[in-house]
Amino acid sequence: MIKNLSFIMLALFLSCCNSTKKQENSLDSEIDTFEYVHLIPDSLRTMEQKELLLLLEKTIKENLQVKDNHLFFKLSESDFVELGIPLQYYKKLQQDLDDANSFIDLNGIERIDTLLKMK
């Protein structure tokens, strides 16, 4: 579980490292106003939020893959939402994966597949 969370945090960190200029668009506005459960301190999360976080971790772990040295999420948007996870998480995940893949390309990082083997 710790390794899975570490990988998710690494992917988010990589996406943040590449963000040098925030663009104004509807997704940014939506991300700024949506309350993501992973940003709520453990002690303040409701039981429902804890369950959502576990579902998110499991879903990402099972569906995050590497193809051609890029991270991608194999679950479709509709299948993701059918699991009971709000659409904002799918959009945020896709944005973070795009950012992480750009970071990978810009910095010539190779063998991204070894990160997923940590799980």
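Residues numbered from 1 in each chain as written. Predicted model: local features only at pLDDT ≥ 70, side-chain atom pairs only at ≥ 80, totals over all residues. Heavy atoms only, no water.

On average, residues of the chain score 79 in pLDDT, and 71% of them are at 70 or above. Taken element by element, the predicted model of the chain shows its lowest mean pLDDT in helix α1 (residues 2-18) (48) and its highest in helix α4 (residues 77-82) (96). Counting interchain partners and residues more than four positions distant, the pLDDT-below-50 stretch residues 1-6 has 6 contacts. Low confidence marks residues 16-24, where pLDDT is under 50. Its contacts with residues over four positions away, or in another chain, come to 9 contacts. (pLDDT = per-residue confidence, 0-100. Helix = DSSP H or I, 4+ residues; strand = E, 2+ residues; numbered from the N terminus. Contact = heavy atoms within 4.5 Å.)

With that settled, the discussion passes to the nonpolar core. Counting 21 residues, the largest nonpolar core has L56, F73, F80 and Y89 as its most contacted members. At 6 residues, the largest contribution of residues to this core is made by helix α5 (residues 87-106). Contacts of F80, omitting those with residues within four sequence positions, involve L56, T59, F73, L75, I85, P86, Y89 and Y90. (Core = buried A, V, L, I, M, F, W, Y, C linked by side-chain atoms within 4.5 Å. Buried < 20%, exposed > 50% of the residue type's maximum accessible area, 1.4 Å probe, protein only.)

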